[in-house]
Amino acid sequence: MQISELDSADVLKLDNQLCFAIYTSSRLMTRAYAPLLEKFGLTYPQYLVMLVLWEFPEMGVQQLGEKLFLDSGTLTPLLKRLESKDLVKRTRSGDDERKVLVTLTDAGLAMKADIVEVPVALYHKSCMSGGEISQLKSELASLIAKLSGLSKCAT
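Because the structure is predicted, anything quoted here is derived from the model rather than measured.

Reading the values: rules and limits
- Residues numbered from 1 in each chain as written.
- Predicted model: local features only at pLDDT ≥ 70, side-chain atom pairs only at ≥ 80, totals over all residues.
- Heavy atoms only, no water.
- Pairing = 2+ DSSP bridges.
- Helix = DSSP H or I, 4+ residues; strand = E, 2+ residues; numbered from the N terminus.
- Axes fitted to C-alpha atoms, helices over the stretch in contact; angles between N-to-C directions.
- Contact = heavy atoms within 4.5 Å.
- Parallel < 35°, antiparallel > 145°, perpendicular 65-115°, else oblique.
- Nonpolar A, V, L, I, M, F, W, Y, C, P; charged D, E, K, R; others polar.
- Core = buried A, V, L, I, M, F, W, Y, C linked by side-chain atoms within 4.5 Å.
- Buried < 20%, exposed > 50% of the residue type's maximum accessible area, 1.4 Å probe, protein only.
- Left-handed = near helix turned anticlockwise from the far one by under 90°.

A. Quick look at the sheet that holds strand S1 (residues 58-60). Read across the sheet, three strands follow the order S1-S3-S2 without closing on themselves; strand pairing throughout is antiparallel. The open sheet has two edge strands, S1 and strand S2 (88-92), and neither has a second partner. Across this sheet, the average inter-strand angle for adjacent strands is 25°, counted without regard to direction. The strands that helix H2 (residues 44-55) touches are S1, S2 and strand S3 (100-104); relative to S3, the one it contacts most, it runs at about 85°.

B. Structural detail: the packing of H2 against helix H5 (residues 106-115). Two elements in contact, H2 and H5, have axes whose closest approach is 11 Å; the angle formed by their N-to-C orientations is 105°. Relative to H5, the element H2 lies roughly perpendicular. Across the interface between the two elements, Tyr47, Met50 and Trp54 of H2 pack against Gly108, Leu109, Met111, Lys112 and Ile115 of H5. Of the residues contributing to the contact of H2 with H5, the split by class is six nonpolar, one polar and one charged.

C. Just the nonpolar core, in detail. With 27 residues, the main nonpolar core has Leu42, Val49, Met50, Leu64 and Ile115 as its most contacted residues. Of the residues forming this core, the biggest block, six residues, is contributed by H2.

D. Quick look at the packing of helix H1 (residues 18-38) against helix H6 (residues 117-126). Between H1 and H6, the shortest axis-to-axis distance is 10 Å and the interhelical angle comes to 135°. Considering their axes alone, H1 and H6 lie oblique with respect to each other. Seen along the crossing, H1 lies across H6 with a hand that is right-handed. The segment H1 lies against H6, with Met29, Ala32, Tyr33, Leu36 and Leu37 engaging Val118, Ala121, Leu122 and Lys125. Looking at the contact of H1 with H6 residue by residue, the classes come out as eight nonpolar, no polar and one charged.

Written out as structure tokens, the structure is:
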């Protein structure tokens, strides 16, 4: 259904809102992750930080925030909690004192081997095929790019 096909009353129905479908999916996904991450002592946002650091072993706080679409006011407390759990270390850059670098500790690196079970469990819980997941991720990546201004709408 195209938005132009909806009358003014229909366009405001909750069931016709893309934002609500995405919001609900996000909340349910986060809720599904919670019991799996509890075993590791991580919240979902902390897990996302760890995922980035397992991929990029050293990253500036600003770059980490950009990658996760988080501002420093949200990211800094997350990093402090991860640091208090001895999973990450924050240090000032030798080149630029204003730049804070985040690296994994040995404990943070070691966690990676065990936490692989988490995305596998979520894959099974979704009851979606690999192709369906791939297609959904691709469509969401396109939406993210358009909403963040990285991509323009086709005219």
